[in-house]
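Below, each chain spelled out in residue letters.
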Amino acid sequence: MARATNQIDHPGTFILEEMEARGWTQVDLAYILGMSPQQLNPILKGKNSITPDLANSLGDAFDVPAEFFANLQKMYDLQKAKEPDPGVRTRASWVSKFPIREMMKRGWIEETEADLLDVQMMRFFNTNSIDNIPLFGGEEVRHAAKKTSYDDEIIGSQWAWLHRVRMIAKDNEAPQYDKAKLLDALPDIRAHMLDIDDFAHIPALLLACGVRTVFVEPLQGSKIDGVCTWLDDQPVIGLSLRLNRADNLCFVLRHEIEHVLQEDGKDVGYSTPDVFEPDRSESDLPDEEKRADAAAAEFLIPQDKLASFMNRKGKWISEKDVLAFSARHHIHPAIVIGQIQHRRHLEGDERAFTFLRRYLTKVHEQFLGWQLRDGWGKVAEVGL
């Protein structure tokens, strides 16, 4: 920002003018203020500043508000202050939109001088213009950043996470996407959801169908579970493992697979980033989200069977009941527990999130050997 061209004099100059107008000498004003002429002299010569106490006294002496002298001093001090670091505005503009410090810590962008931060972010978002970066661009770009299915905008941390998923996927090849192969692979994918140790094989099954699965640890506060994004005609599933539980992983994965099968978001490059909160209400969701939710729930557990099971058992479902039901339907117990929890929570059951919690084990360790992964102690190597 350019400095004002009008120079502001030290308040002592104004005091001297007012003294002259009243015919007062320096000794007179010193007497009025209750101080010695030696104390007053440096103020009149612009060597000392006006303190708040002195501003009050001067206000009474000249019959003006004390704020007048205090403001004169502030304006004079600001004028004399050194020019601000030009990088301050650059850093502030980026930090107000994106989690820059965390992106640096995660190795997504380099910790560099402010004048290179623009270049870093354009490189990260794979564009040669800041105007094409979400939340920074013109009206058209900002409109595209809207969650068309929800009323909220995608926030900066979600945009950064989404583009990291795309960056990693783009740097890793995949066979041509084949929808028929993906449909044929669904039973195998479902079979690998029985044992948590088999979860690690699922990304390879998807890759064989031309679907890249990318795991990116979530950024703080991003609240994002998964996304279906597209690189040309190739689908990519991004998973954050935000809740780090088997039930959430399997539901989100099958939900995103449905987006792939229906080609949701292909025309704009991504479907709506998904956040699965306990209060996620079907009535607030668009058709493509309702469809994907229904497909995921039915894929994991036949919903009529689950409803019948819960009606028969009532509120008192034992561990033995859950294990028997999961064995009968060839699914990991955590997935049964997760769906029971969800149904109970929507019904206002206070026990919804304490039910057999020890089965909800962490799953991120199952994918530490998968190449398309960023976070959990690893920074994915990607080309620029």
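Quantities reported herein were computed from a predicted structural model and do not represent experimental measurements.

J.: Lay out the packing of helix H16 (residues 319-328) against helix H17 (residues 333-346) with the relevant residues and their values.
T.: At a minimum axis separation of 9 Å, H16 and H17 run at an interaxial angle of 115 degrees. Relative to H17, the element H16 lies roughly perpendicular. The chirality of how H16 crosses H17 is right-handed. Seen from H16, the contacting residues are Val322, Leu323, Phe325 and Ser326; seen from H17, they are Pro333, Val336, Ile337 and Ile340. The residue makeup of the contact of H16 with H17, split by class, is seven nonpolar, one polar and no charged.

J.: With reference to specific residues and values, describe the environment of tryptophan 94.
T.: With respect to the element layout, tryptophan 94 can be found in helix H6 (residues 87-95). When the C-alpha atoms of tryptophan 94 and tryptophan 316 are compared, they prove to be 52 Å apart, with 222 residues separating the residues in sequence.

J.: Quick one: what's the story with the sheet that holds strand E4 (residues 373-374), residue by residue and with numbers?
T.: In space, the four strands of this open sheet follow the order E2-E3-E1-E4, with mixed pairing throughout. The sheet is open, and its two borders are formed by strand E2 (226-231) and E4, each paired with just one other strand. Relative to strand E3 (residues 234-239), strand E1 (residues 212-216) runs parallel, the two being bridged by four bridges. For arginine 212, the partnering residue across the bridge sits in E3 and is valine 236. Where helix H10 (residues 156-170) meets the sheet, it contacts E1, E2, E3 and E4, and its direction lies at approximately 50 degrees from that of E2.

J.: Quick rundown of unusual backbone geometry? Include the residues and the values.
T.: Positioned with a positive phi, leucine 135 is a non-glycine residue whose angle comes to about 75 degrees. Looking at the element boundaries, leucine 135 is found in the loop between helix H8 (117-124) and helix H9 (139-144). By relative accessible area, which is 16% here, leucine 135 ends up buried. The phi torsion at asparagine 244 lies on the positive side, around 55 degrees, for a residue other than glycine. Mapped onto the elements of the fold, asparagine 244 is located in the loop between E3 and helix H13 (246-262). Residue classification places asparagine 244 among the buried positions, given a relative accessible area of 12%.

J.: Describe the nonpolar core, listing the residues and the values that go with them.
T.: Counting residues in each nonpolar core, the largest one holds 84 residues, and the members touching the most others are Phe98, Met121 and Met193. Setting aside anything within four residues of it in sequence, one finds methionine 193 in contact with Phe199, Ile202, Cys250, Leu253, Phe299, Leu300, Ile331, His332 and Ile335. Counting 15 residues, the second largest nonpolar core, distinct from the first, contains Leu44, Leu58, Ala61 and Phe62.

J.: Could you give me a rundown of the confidence of the model for the protein chain, with the residues and numbers involved?
T.: Residues of the protein chain with pLDDT of at least 70 account for 91%, and the chain-wide mean is 88. This stretch, residues 139-151, has a pLDDT under 50; its non-local contacts, to residues over four places away or in other chains, come to 27 contacts.

J.: Tell me about helix H3 (residues 37-44), and please be specific about residues and values.
T.: For H3, the full list of buried residues reads Leu40, Pro42, Ile43 and Leu44. Of the surrounding secondary structure, the elements contacted by the buried residues of H3 are helix H1 (11-22), helix H2 (26-33) and helix H4 (52-62). Of the residues trailing H3, glycine 46 is marked for its positive phi of about 80 degrees.

J.: Break down the environment of valine 64 for me, with residues and values.
T.: Tracing the chain through its elements places valine 64 in the loop between H4 and helix H5 (66-80). Its relative accessible area of 28% is what places valine 64 among the partly exposed residues. Once the C-alpha coordinates of valine 64 and threonine 272 are considered, the two residues, 208 residues apart in sequence, prove to be 61 Å apart. If near-sequence neighbours (up to four positions away) are discounted, valine 64 is found in contact with Gly59 and Phe69.

About the criteria used
- Residues numbered from 1 in each chain as written.
- Predicted model: local features only at pLDDT ≥ 70, side-chain atom pairs only at ≥ 80, totals over all residues.
- Heavy atoms only, no water.
- Axes fitted to C-alpha atoms, helices over the stretch in contact; angles between N-to-C directions.
- Helix = DSSP H or I, 4+ residues; strand = E, 2+ residues; numbered from the N terminus.
- Parallel < 35°, antiparallel > 145°, perpendicular 65-115°, else oblique.
- Left-handed = near helix turned anticlockwise from the far one by under 90°.
- Contact = heavy atoms within 4.5 Å.
- Nonpolar A, V, L, I, M, F, W, Y, C, P; charged D, E, K, R; others polar.
- Pairing = 2+ DSSP bridges.
- Buried < 20%, exposed > 50% of the residue type's maximum accessible area, 1.4 Å probe, protein only.
- Core = buried A, V, L, I, M, F, W, Y, C linked by side-chain atoms within 4.5 Å.
- pLDDT = per-residue confidence, 0-100.

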